[in-house]
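A structural walkthrough
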Amino acid sequence: MMKNTCCFFGHREFTQTEELKAEILKTIEHLITKENVDTFLFGSKSQFNNLCYELVTKIKQKYPHIKRIYVRAEYPYINDEYKSYLLEYYEDTYYPKEIIKTSKSVYIKRNYEMIDKSQFCVVYCRENYSPPKRKSGTKIVLKYAIKKKKTIFKFPICDIEK
């Protein structure tokens, strides 16, 4: 997985507008039609992830060949019932072996995994965002994607800090 794969990550909370939704949808369609992306990786715990999942699911009606894959950061081992439930929404799901026994940084390491498996990243990261009492995981992961030389589509649209 990589050449035709895109992952999503962003702040847990953000202000959703119709203009932003339209821009992200346009980006997703560009990835499918111009970059031949057919696989989209999703994490969890973020309003941005939820929005992107909603948009990819919507556009899947037009491009039914695309796949949505849920990369879990919780539950390394799941039973068939839970897997069946997840497969009602995704075409596949997995838990990266590399993050087993990871503690509080599990979401960051899961996002590293998604970046490593992707050629493209769609990101929501505000320049002035700083959550209380912790570092922004999104900014940490964005720096990793830049270091790995991924093609990044960043929202809100602005210069990516190096």
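Rules used in this analysis
- Residues numbered from 1 in each chain as written.
- Predicted model: local features only at pLDDT ≥ 70, side-chain atom pairs only at ≥ 80, totals over all residues.
- Heavy atoms only, no water.
- Pairing = 2+ DSSP bridges.
- Helix = DSSP H or I, 4+ residues; strand = E, 2+ residues; numbered from the N terminus.
- Axes fitted to C-alpha atoms, helices over the stretch in contact; angles between N-to-C directions.
- Buried < 20%, exposed > 50% of the residue type's maximum accessible area, 1.4 Å probe, protein only.
- Lys, Arg positive; Asp, Glu negative; His and termini not counted.
- Salt bridge = Lys/Arg side-chain N within 4 Å of Asp/Glu carboxyl O.
- Contact = heavy atoms within 4.5 Å.
- Parallel < 35°, antiparallel > 145°, perpendicular 65-115°, else oblique.
- Left-handed = near helix turned anticlockwise from the far one by under 90°.
- Nonpolar A, V, L, I, M, F, W, Y, C, P; charged D, E, K, R; others polar.
- Core = buried A, V, L, I, M, F, W, Y, C linked by side-chain atoms within 4.5 Å.

1. Some points on the sheet that holds strand 5 (residues 120–124)
Within a sheet, neighbouring strands are paired by backbone hydrogen bonds and run either parallel or antiparallel to one another. Here we have 6 strands laid out as an open sheet, ordered 4-3-2-1-5-6, and parallel in their pairing. Across the chains shown, the open sheet's two edge strands, defined by having one partner strand only, are strand 4 (92–94) and strand 6 (151–155). Within this sheet the neighbouring strands show an average axis-to-axis angle of 20°, counted without direction. Here strand 2 (residues 39–42) runs beside strand 3 (residues 67–71); their pairing, made up of 4 bridges, is parallel.

2. Details of the side chain of Arg110
Along the chain, Arg110 turns up in helix 4 (residues 106–116). We note that Arg110 is buried and unpaired, the nearest opposite charge coming from Glu74 at a distance of 7.5 Å. With near-sequence residues (within four places) excluded, Arg110 lies in contact with Gly43, Ser44, Val71, Arg72, Ala73 and Ile99.

3. Observations concerning the pattern of salt bridges
Summed over all chains, the structure comprises 9 salt bridges. Between Glu23 and Lys26 there is a salt bridge, with its nearest N and O atoms 3.6 Å apart. Of the two residues, Glu23 and Lys26 are both situated in helix 1 (residues 18–34); the distance of 3 residues between them amounts to about one turn of the helix. We classify Lys26 as exposed; its relative accessible area is 53%. In this structure, the salt-bridge partner of Asp38 is Lys67, at a minimum N-O distance of 3.9 Å. Separated by 29 residues along the polypeptide, Asp38 in the loop between helix 1 and strand 2 and Lys67 in strand 3 bring together distant segments of the chain. On the accessibility criterion, Lys67 (33% relative accessible area) is partly exposed.

4. Concerning the packing of helix 4 against helix 5 (residues 137–147)
For the pair helix 4 and helix 5, interaxial distance at closest approach is 10 Å and the crossing angle is 30°. Considering the angle they form, helix 4 stands roughly parallel to helix 5. Here helix 4 and helix 5 pass one another in a crossing that is right-handed. Contacts from Ile108, Asn111, Tyr112, Ile115 and Asp116 in helix 4 reach Gly137, Ile140, Val141, Tyr144 and Ala145 in helix 5. Grouping the amino acids of the contact of helix 4 with helix 5 by side-chain chemistry returns 7 nonpolar, 2 polar and 1 charged.

5. A closer look at the nonpolar core
Residues Cys6, Phe8, Ile24, Ile28, Phe40 and Phe42 are the most contacted members of the largest nonpolar core, which totals 27 residues. For this core, the elements supplying multiple residues, two or more each, are strand 1 (5–10), helix 1, strand 2, helix 2 (47–60) and strand 5. Here the element with the most residues in this core is helix 2; it accounts for 7 residues. Every residue in contact with Phe8, bar those within four places of it in the chain, is listed here: Ile28, Phe40, Leu41, Phe42, Asn49, Cys52, Val56, Met114 and Val122. Residues Phe9, Leu41, Val141 and Tyr144 belong to the second largest nonpolar core, which totals 16 residues.

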